[in-house]
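Examining the three-dimensional arrangement
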Amino acid sequence: MPATAETTHDVVVLGGGSGGYACALRAAELGLTVALVEKDLLGGTCLHRGCIPTKALLHAAEVADAAREASRFGVRATLDGIDLPGVTAYREGVVSRLHKGLQGLVKSRKVEYVEGEGRLEDGRTVVVGDRRLVGRHVVLATGSFARTLPGLEIGGRVMTSDQALGLDEVPGRVVVLGGGVIGVEFASVMRSFGSEVTVVEALPRLVAAEDPSCSTALERAFRKRGITVRTGARFESASQAGGVVTVTLEGGESLEADLLLVAVGRGPSTSGLGFEEAGVTLERGFVVTDERCRTSVEGVWAVGDIVPGLQLAHRGFAQGIFVAESIAGLSPVPVVDAEIPRVTYCEPEVASVGLTEEQARSAHGDAVETYEYNLGGNGKSQILQTQGFVKLVRVKEGPVVGVHMVGSRIGEQVGEAQLVVGWEAHPEDVASLVHAHPTQNEALGEAHMALAGKPLHAHN
């Protein structure tokens, strides 16, 4: 930073998504002067194009399924169809209320909110239009964008999740390119809304970052729902004509659809923002940091999707708080990816925290044991008419290092799972706790009871 540059703020945060705004709010709460720069809308991808709107879609899909399957529960109801503009109005209402609340928080904490595209300059300076914001510390939190594949242009009937939120009618046939979190969530929504859905995934299984048992259960459930799953299938090309997309796979097979939804992951939004010119080290577009979110430039930090690792809003949120507290002179505990809960909100849901069985065996060798508790023995799961399981991975005579779950609404149980893994609980510790009946939460208790050597409602 040039000697002539005068500091304008203690902290300048570049990016107003989950990581950026969390950092700004916490830093202000700790008495620091803060400027928050955002070129789009406060709340970022998570609030406006990601977590919140997509989960609103998934809830609408759940309501549609409930109406369609009401007779299973002795309720006479019919599903007349999906009013997609009505779904959009509901979804946008949720987003709008949260957006207004967040704007109020930023204002009440006296964070200076600067609208416009910011660019890092001289290490501690962020330039926004004709303004130069100079911080004792700068936090990079510029988020991510929806990727596509080489040669596959987005437009017309070829969309990412961003454009799919703008649909005004339900497509008859959908090909989802990508079987990761975003892909399976949109596949689930579209099927619930009545589309014929095919998921094309190049890897051998869906949600490949999860434990293989979860992938197997999800693929089985998807096929039961009528979703076609094509794993180990590589995309070659796509063409559009007459409102139809023709997707060609390697080997020459072609699929026709009314919509090709491209869900091949998200890339870091770091290009053209001056990071490298300011001396910040990048690898494949991601900002390289240490475990305390410090970049290669002193006083410059990075959080969220631009940092290699899990691209989850709550990870960025936690990192933002961590950085704010570090800048304020506190000694917060670093955010560890292995202890971050993960939920895929399709039907059925997939939820996990900690190591997969394979990762545990890689780390601990043969000193690993697992137990899989089938939801067939859980009363609330039978009431919900869902199938699935809770799988525990532990070090023998030691703590539980991984929890993996599949089932309707099972994501609500990942909070306790995080505590179990994060606090290095032994199965015996959890087995002694009382879990309310009838809840799916009991399944966690039963799984730990079984692994502690005293199974009760164990069907496997």
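Quick caveat, the model's predicted, so the values are computed rather than measured. (Residues numbered from 1 in each chain as written. Predicted model: local features only at pLDDT ≥ 70, side-chain atom pairs only at ≥ 80, totals over all residues. Heavy atoms only, no water.)

Remarks on the overall build of the protein
Of regular secondary structure, the protein possesses 13 helices and 24 strands. Viewed in the frame of its principal axes, the protein has a C-alpha envelope of about 70 × 65 × 45 Å. In the protein, which comprises 460 residues, the share counted as buried stands at 51%. Within the protein, counting contacts between residues at least 6 apart in sequence, those at least 24 apart form 62% of the total. (Helix = DSSP H or I, 4+ residues; strand = E, 2+ residues; numbered from the N terminus. Buried < 20%, exposed > 50% of the residue type's maximum accessible area, 1.4 Å probe, protein only. Contact = heavy atoms within 4.5 Å.)

What to know about helix H4 (residues 84-108)
With 25 residues, H4 should reach 36 Å at 1.5 Å per residue; the first-to-last C-alpha distance of 36 Å fits that figure. Buried within H4 are the following residues: Leu84, Val87, Thr88, Arg91, Gly93, Val94, Val95, His99, Leu102 and Val106. Looking at the buried residues of H4, the elements they touch are helix H1 (18-29), helix H2 (44-48), helix H3 (51-68) and strand E3 (112-115). The positive-phi residue at the C-terminal boundary of H4 is Lys110, with phi of around 60°. (Expected span 1.5 Å × (residues − 1).)

Topic: the packing of aromatic side chains
Enumeration according to the criterion identifies 1 aromatic pair in this entry. The interplanar angle of 70° and the centroid separation of 6.2 Å between the aromatic rings of Tyr21 and Phe317 together place this pair among those described as edge-to-face. Within this pair, whereas Tyr21 is found in helix H1, its partner Phe317 is found in helix H8 (residues 313-327), the two being separated by 296 residues in sequence. (Phe/Tyr/Trp six-rings, centres within 6.5 Å; stacked < 30°, edge-to-face > 60°.)

Focus: the pairing of strand E23 (residues 389-395)
Of all 7 residues making up E23, 7 are buried, and the element is well covered by its neighbours. Covered by surrounding structure in E23 are Phe389, Lys391, Val393 and Val395 together with Val390, Leu392 and Arg394, the residues of both alternating faces. Pairing between strand E22 (residues 368-374) and E23: 7 bridges, direction antiparallel. Residue pairing in the sheet places Asn374 in a bridge with Phe389 of E23. (Pairing = 2+ DSSP bridges.)

Points about empty space enclosed by the protein
Over the atoms rolls a probe the size of a water molecule, and its path tells where empty space is left. Under the counting rule described, the total for this entry stands at 3 cavities of 30 Å³ or more. The volume enclosed by the largest cavity comes to roughly 100 Å³. Looking at the largest cavity, it is lined by 14 residues, and the ones nearest its centre are Leu57, Leu84, Ala164, Leu167 and Met190. At the level of secondary structure, the elements contributing two or more residues to the lining of the largest cavity comprise H4 and helix H6 (181-192). Residues belonging to the lining of the largest cavity are distributed by class as follows: 11 nonpolar, 1 polar and 2 charged. Taken as a whole, the second largest cavity holds about 40 Å³ of empty space. Lining the second largest cavity, in full, are Ala146, Arg147, Ser161, Ile182, Val262, Ala263, Val264, Gly265 and Arg266. (1 Å grid on protein atoms, 1.4 Å probe; cavity = no way out; pocket = protein on both sides within 12 Å on 5 of 7 lines; lining within 4 Å. Points joined across faces, edges and corners; volume = space filled by probe spheres on them. Nonpolar A, V, L, I, M, F, W, Y, C, P; charged D, E, K, R; others polar.)

Digging into unusual backbone geometry
Note that the residue after Glu347, namely Pro348, is joined by a cis bond; omega there is 0°. Tracing the sequence through the fold places Pro348 in the loop between strand E20 (342-344) and strand E21 (349-354). In this model, Val207 sits at a positive phi of 30°, which is unusual for a non-glycine residue. Phi angles above zero are rare outside glycine, and Arg409 is one such case at about 60°. Checked against the element boundaries, Arg409 lands in the loop between strand E24 (400-407) and helix H11 (414-422). With a relative accessible area of 44%, Arg409 lands in the partly exposed category.

Here we look at the sheet that holds strand E8 (residues 158-159)
As summarised here, the arrangement of the 5 strands in space is E8-E15-E9-E10-E11, forming an open sheet in which the pairing is parallel. Here the strands that pair on one side only, and so sit at the sheet edges, are E8 and strand E11 (228-231). Sheet topology note: the E8/strand E15 (residues 259-262) ladder contains 2 bridges and is parallel. Paired with Met159 across the bridge in E15 is Leu261. Of the strands in this sheet, strand E9 (173-177), strand E10 (196-201) and E15 touch H6, which is tilted by about 170° from E10. (Axes fitted to C-alpha atoms, helices over the stretch in contact; angles between N-to-C directions.)

Quick notes on the packing of H3 against H6
Taken N-terminus to C-terminus, the directions of H3 and H6 make an angle of 35°; their axes are 8 Å apart at the nearest point. In this structure, H3 crosses over H6, and the sense of that crossing is left-handed. Facing H3, whose interface residues are Thr54, Lys55, Leu57, Leu58, Ala61, Ala64, Asp65 and Arg68, H6 presents Glu185, Phe186, Ser188, Val189 and Ser192. Class assignment of the residues belonging to the contact of H3 with H6 gives a composition of 6 nonpolar, 3 polar and 4 charged. (Left-handed = near helix turned anticlockwise from the far one by under 90°.)

Regarding the pattern of salt bridges
Scanning all chains against the criterion turns up 27 salt bridges. With a closest N to O distance of 3.9 Å, Arg223 and Glu219 form a salt bridge. Within this pair, Arg223 and its partner Glu219 are both found in helix H7 (residues 212-224), separated by 4 residues, close to a single helical turn. Taking relative accessible area as the criterion, Arg223 reaches 46% and is therefore assigned partly exposed. A salt bridge links Glu253 to Arg230, with the shortest nitrogen-to-oxygen separation between them at 2.8 Å. Within this pair, whereas Glu253 is found in the loop between strand E13 (244-249) and strand E14 (254-257), its partner Arg230 is found in strand E11, the two being separated by 23 residues in sequence. The class of Glu253 is partly exposed, set by a relative accessible area of 36%. (Salt bridge = Lys/Arg side-chain N within 4 Å of Asp/Glu carboxyl O.)

Points about the layout of surface pockets
Considering only enclosed or pocket space, the second largest pocket measures out at about 1400 Å³ in volume. Among the secondary structure elements, those contributing two or more residues to the lining of the second largest pocket are H3, H6, H7, E22 and helix H10 (379-384). The dominant element in the lining of the second largest pocket, judged by the number of residues it contributes, is H3, at 8 residues. Of the residues in the lining of the second largest pocket, the class split is 13 nonpolar, 14 polar and 15 charged.

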